[in-house]
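# Residue-level structural notes
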Amino acid sequence: MSVARSDNLPVQSLFMRSMRGLSYRLGELVHVCAIYLGIAVLVTVVLSATIPSLREKALEIHEALELVLKPQGFDEALFGVYGGYGAEGVASGMGTAANGAGASSQLKEASSSFLSAVRASEQGQRVPGITNTQADALRSYIARKYRIASSVAGALINTVFLVSREKGLDPQLVLAVIAIESRYNPYAESHVGAQGLMQVLTRVHKEKFEVFYDGTVAAISPIANIRVGTQILKDCIKRRGSIEGGLACYVGATGPSDGGYGEKVMAEWRRIALASGIRVTR
């Protein structure tokens, strides 16, 4: 019996050595996995911390390039509208736009950046003088009725309010004109060649686009089209002596009838004011 136990010792010893080797290898595998897992966690943490900073740094570089490339002597308020609704946003433009009324000649080398206006709208910037509730209601009405993005509607509203107040017109009247003229399609073109949001005849008002770098091509730019269209509307109202007469002039009616155009605009003007809760001014 003792001899039999003695014969089994080498087998048991070999088995134990094999188990210890297997345990050692498993331990090494777990150790290596733990190291790689730790590296993965570390990389994830580092990326999570650095990617937002990289994004912020890219925005800082973009803003720096805007300042460097901005034409010298270009009015800050107008740059806010045409170059990018900067940190002060629409409010800064609204506060000083009236002082830049004579600076239109400086727009020659500026490009209209409607994307910057959209970005400002996404960030919640709005024109002063109306409440958040009114701004949200107006944006919601236009976005839903004319099937455009809410951020785009907000950018258009901000631009129209800025330009219209500069020209001494009710912004909601201009919004109503855009609604009837193009249904908020900046690329609309009529059978007679009127273009953009406010359907401006570029061949008739070519000189008004000379202040823009792209000339009459800028008619499809929402900001440029609104500025020119609003100026034409203001001139028409002044020439005819009333809003009704100005609308007839704007649509090109020379006789006593404008084909119902004025009534359509006035009706939409009332609907917009009712939806927004902003008082109509004449």
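What this report covers is the structure whose coordinates are included nearby. (Residues numbered from 1 in each chain as written. Predicted model: local features only at pLDDT ≥ 70, side-chain atom pairs only at ≥ 80, totals over all residues. Heavy atoms only, no water.)

Attention now moves to the overall build of the chain. Counting its regular elements, the chain contains 10 helices and 2 strands. For the chain, the α and β elements follow one another from N to C terminus as α-α-α-α-α-α-α-β-β-α-α-α. When the 282 residues of the chain are sorted by exposure, 41% land in the buried category. A separation of at least 24 residues holds for 62% of the contacts in the chain among residues at least 6 apart in sequence. Accessible surface computed for the chain: about 16200 Å², of which carbon and sulfur atoms make up 60%. (Helix = DSSP H or I, 4+ residues; strand = E, 2+ residues; numbered from the N terminus. Buried < 20%, exposed > 50% of the residue type's maximum accessible area, 1.4 Å probe, protein only. Contact = heavy atoms within 4.5 Å. Areas by Shrake-Rupley, 256 points an atom, 1.4 Å probe, with all protein chains shown as cover.)

Glycine aside, residues mostly have negative phi angles, and peptide bonds mostly take the trans form. Positive phi outside glycine occurs at Arg183, with the angle close to 55 degrees. Residue position: Arg183 is located in the loop between helix H7 (171-182) and strand E1 (194-195). Residues other than glycine seldom take positive phi values, yet Gln199 does so here, at roughly 50 degrees. Mapped onto the elements of the fold, Gln199 is located in the loop between E1 and strand E2 (200-201). Classification of Gln199 as buried rests on a relative accessible area of 11%.

With 12 residues, H7 extends 17 Å between its outermost C-alpha atoms, agreeing within 8% with the 16 Å of an ideal straight helix rising 1.5 Å per residue. With 10 of its 12 residues buried, H7 lies for the most part within the structure. Turning to H7, the residues buried within the fold contact helix H5 (132-146), helix H6 (150-167), helix H8 (222-240), helix H9 (243-250) and helix H10 (261-276). Arg183, located one to two residues past H7, shows a positive phi value of around 55 degrees. (Expected span 1.5 Å × (residues − 1).)

In terms of nonpolar packing, the biggest core is built from 53 residues, with Ile142, Leu175, Tyr184, Leu233, Leu247 and Tyr250 touching the most fellow members. Of all the secondary-structure elements, those providing two or more residues to this core are helix H4 (114-122), H5, H6, H7, H8, H9 and H10. Examining the composition of this core, we find that 8 residues originate from one element, H8, more than from any other. Beyond its immediate chain neighbours, meaning those up to four positions away, Tyr250 contacts Val177, Glu181, Met198, Val200, Gly229, Ile232, Leu233, Cys236 and Tyr261. (Core = buried A, V, L, I, M, F, W, Y, C linked by side-chain atoms within 4.5 Å.)

Let's shift gears to the environment of Thr133. Here Thr133 is to be found in helix H5. Residue Thr133 is classed as exposed on the basis of its relative accessible area, which comes to 62%.

What the rule picks out here adds up to 7 salt bridges. Of the charged contacts, one joins Arg227 and Glu166 as a salt bridge, the two residues approaching to 3.0 Å between their closest N and O atoms. Note that Arg227 is positioned in helix H8 and Glu166 in helix H6, a separation of 61 residues in sequence. Taking relative accessible area as the criterion, Arg227 reaches 10% and is therefore assigned buried. For the salt bridge of Glu263 with Arg270, the shortest nitrogen-to-oxygen distance reads 3.0 Å. Residues joined in a network through salt bridges with shared partners are Lys145, Glu268 and Arg271. (Salt bridge = Lys/Arg side-chain N within 4 Å of Asp/Glu carboxyl O.)

This part covers the environment of Gly215. Of note, Gly215 is situated in the loop between E2 and H8. Among the residues examined, Gly215 registers a relative accessible area of 18% and is labelled buried.

Here the focus is the packing of H5 against H6. Relative orientation of the contacting elements H5 and H6 amounts to 120 degrees, with a least axis distance of 9 Å. Considering their axes alone, H5 and H6 lie oblique with respect to each other. In this structure, H5 crosses over H6, and the sense of that crossing is right-handed. Between H5 and H6, the residues in contact are Leu138, Arg139, Ile142 and Ala143 and Ser150, Ala153, Gly154, Ile157 and Phe161, respectively. A per-class count over the contact of H5 with H6 returns 6 nonpolar, 2 polar and 1 charged. (Axes fitted to C-alpha atoms, helices over the stretch in contact; angles between N-to-C directions. Parallel < 35°, antiparallel > 145°, perpendicular 65-115°, else oblique. Left-handed = near helix turned anticlockwise from the far one by under 90°. Nonpolar A, V, L, I, M, F, W, Y, C, P; charged D, E, K, R; others polar.)

Before going further, it helps to examine the side chain of His205. Among the secondary structure elements, His205 is positioned in the loop between E2 and H8. For His205, a relative accessible area of 17% corresponds to the buried category. Apart from the residues lying within four places of it in its own chain, the contact partners of His205 are Val200 and Ile232.

Moving on, we get to H6. Given a rise of 1.5 Å per residue, 18 residues ought to cover 26 Å, and the 26 Å separating the end C-alpha atoms of H6 matches this to within 8%. Counted residue by residue, H6 has 15 buried out of 18 residues, so it is predominantly covered. Gly168 lies just past H6 and shows a positive phi near 80 degrees.

One polar contact links the side chain of Gln199 to the main-chain amide nitrogen of Ser190, over a distance of 3.3 Å. Here the side chain of Gln199 touches Gly196 through a polar contact of 2.8 Å, landing on its backbone oxygen. When neighbours within four sequence positions are excluded, Gln199 is seen to be in contact with Glu181, Ser182, Ala188, Glu189, Ser190, Ala194 and Asn225. (Polar contact = N/O pair within 3.5 Å; in protein donor to acceptor, adjacent residues only side chain to side chain.)

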